[in-house]
Amino acid sequence: MVTLTHHLFLIRSVYYPMSAKKIATRLAHLGNHPHEHQGVINPPVYHASTIAHKNLDDLKTRRKSGARAVTYGRDGTPTTFAFEDTVTDLEGGFGSITVSSGLAAIHLSLMSLLKPGDHILIADTVYAPVRNLCNNVLTPLNIICEFYDPTIGASIESLLRKNTRVVYMESPGSHTFEIIDVPAITNAVSDRDIVTVFDNTWATPLFFKPLSHGVDIVIHAVTKYLGGHSDLMMGVVVCNEQTFSQVRRYCSLIGQSVAPDDIYLAQRGIRTLKARLDVHQENALRLTDFLMEQPETIRVIHPALEDHPGHTIFKRDFSGSSGLFGVVIQPVDDIALAAMLDSLELFFMGFSWGGYESLIIPYDINQHRSVTPLKDNGVLLRIHAGLEDSGDLIDDLTSGFKRLRAARLT
Ligand SMILES: Cc1ncc(COP(=O)(O)O)c(C=O)c1O
């Protein structure tokens, strides 16, 4: 019998002749089948709700022919599948599901895995809306949410309960960039009925491969680096073989769907992921050098720096770093901070990072922590190094620090 799993395997072997190639090559080619579309390089954008069936037999059988059967716009079209195939290949997964935002991807993965009475362990340093999701959606459903220190490693075993069903990770942690020892955690839970979920938005599949470290499900805010141009909201859940059908089914039940134009933008963005990430990485590291020299700096928080507490694990598991990092500067009042930030020319104050532009925001992280409060006495600034010239970015920050100093003296 041809099961769904077998069918997907067959599709993968047809659609993935690229898997053996280097990532830059795959980024340029995955999801493209020009000779199926009269030579047009990019996959066509299918705007579709109604799908016409050829005849009664087609009407009765098409849906059963596998996950790639196009029967209803909401369940995806070749536009959707081209993007999902691309991300599945990049992460080394079995199948992917696109949804309307990164947070929706987190919600989908957790809701498809958990039921009332279950226990979930969540890294304390997760993207803050995950905590809100736990407190306002999961907890009222009698799902027990417990936050853990992201540096816990194999000792996570001591937190496991009979009813633990999910361990949720994000590494580096949001705003404070703690590194999780992912293999230690996946090993600790491997012989139990526990699914591990990892938010890989920061590193992208270019720099970290969670599934190869034993993780079951990877989520991405496509909104960030995969899209890369600050013009779309989208998320994706990449599953291993054991979890795919369950998440896919739940997605169909709740009616998540993404508009084809957004998927097209994401697919277009992903083509340049490596070219962009190489520049984000380099610019961020140049900015860290600059920031470390400023007298106001208490510490720069970037896992690629040797003094970062998680640097050894980072070097072992990651093959590069992206453009997002933190710096703690000496305590300043809002007037001095505004003098520095309000007149920056190139750095915008915005939350959603991963686009081509540089960003800077002050952040009071401790309101989003229950186990690992930030102990530094200072102002935490989160910086996203965009694709601008690094010298221009440094000049902009230099002027900002001058204004800060002048304001502190008055
Ligand atoms: C690490 C991380 N994961 C997920 C998300 C959510 O993505 P979206 O904004 O697409 O909902 C964000 C957004 O900032 C994020 O920083």
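From a predicted model like this one, the values you see are computed outputs, not experimental measurements. (Residues numbered from 1 in each chain as written. Predicted model: local features only at pLDDT ≥ 70, side-chain atom pairs only at ≥ 80, totals over all residues. Heavy atoms only, no water.)

Peer 1: Honestly, the overall build of the protein chain in this entry has me stumped. Any pointers?
Peer 2: A tally of helices and strands in the protein chain yields 14 helices and eleven strands. Based on the C-alpha atoms only, the size of the protein chain along its principal axes is roughly 80 × 55 × 35 Å. At a minimum sequence separation of 6, the contacts of the protein chain that also span at least 24 residues come to 73%. Roughly 18,000 Å² of accessible area belongs to the protein chain as shown, and the carbon and sulfur atoms make up 54% of that amount. (Helix = DSSP H or I, 4+ residues; strand = E, 2+ residues; numbered from the N terminus. Contact = heavy atoms within 4.5 Å. Areas by Shrake-Rupley, 256 points an atom, 1.4 Å probe, with all protein chains shown as cover.)

Peer 1: Help me understand the nonpolar core in this model?
Peer 2: Nonpolar side chains tend toward joint burial in soluble globular proteins. Membership of the largest hydrophobic core comes to 90 residues, with the highest contact counts inside it found for I120, Y148 and Y168. Considering every element that reaches this core, the biggest residue donor is helix 5 (residues 102-113), with seven residues. When residues of this core are sorted by domain, at least three fall in each of domain 1 (4-271) and domain 2 (274-409). Among residues more than four places away in sequence, those in contact with Y168 are I106, L110, I120, L121, I122, A123, V126, V130, Y148, V197, D199 and I219. If you look at the next biggest cluster of nonpolar residues, it comprises 26 residues, including A284, I329, V332 and L337. (Core = buried A, V, L, I, M, F, W, Y, C linked by side-chain atoms within 4.5 Å. Buried < 20%, exposed > 50% of the residue type's maximum accessible area, 1.4 Å probe, protein only. Domains from an automatic or database assignment.)

Peer 1: Sorry, what's going on with the site of the ligand here?
Peer 2: Neighbouring the ligand are 13 residues, the closest being G102, L103, D199, T223 and K224. Interatomic distance of 2.9 Å between a backbone N/O atom of L103 and an oxygen atom of the ligand. In the environment of the ligand, a nitrogen atom lies 2.6 Å from a nitrogen or oxygen atom belonging to the side chain of D199. The protein chains hide 91% of the 390 Å² of surface that the ligand would expose on its own. Tallying contributions element by element places helix 5 first for the shell around the ligand, with three residues. Residue classes in the shell around the ligand are distributed as six nonpolar, four polar and three charged. (Near = heavy atom within 4 Å. Polar contact = N/O pair within 3.5 Å; in protein donor to acceptor, adjacent residues only side chain to side chain. Nonpolar A, V, L, I, M, F, W, Y, C, P; charged D, E, K, R; others polar.)

Peer 1: What am I meant to see in the packing of helix 4 (residues 78-91) against helix 10 (residues 260-270) here?
Peer 2: When two helices pack together, you describe them by how their axes are tilted relative to each other and by the distance separating the axes. Following both chains from N to C, one finds helix 4 and helix 10 inclined at 35°, their axes separated by 9 Å at the closest point. The handedness of the crossing between helix 4 and helix 10 comes out as left-handed. Residue-level inspection shows T79, T80, A82, F83, T86, V87 and L90 of helix 4 in contact with helix 10, the latter providing P260, I263, Y264, A266, Q267 and I270. Per-class residue counts for the contact of helix 4 with helix 10 are nine nonpolar, four polar and no charged. (Axes fitted to C-alpha atoms, helices over the stretch in contact; angles between N-to-C directions. Left-handed = near helix turned anticlockwise from the far one by under 90°.)

This is a description of form; function is not addressed.
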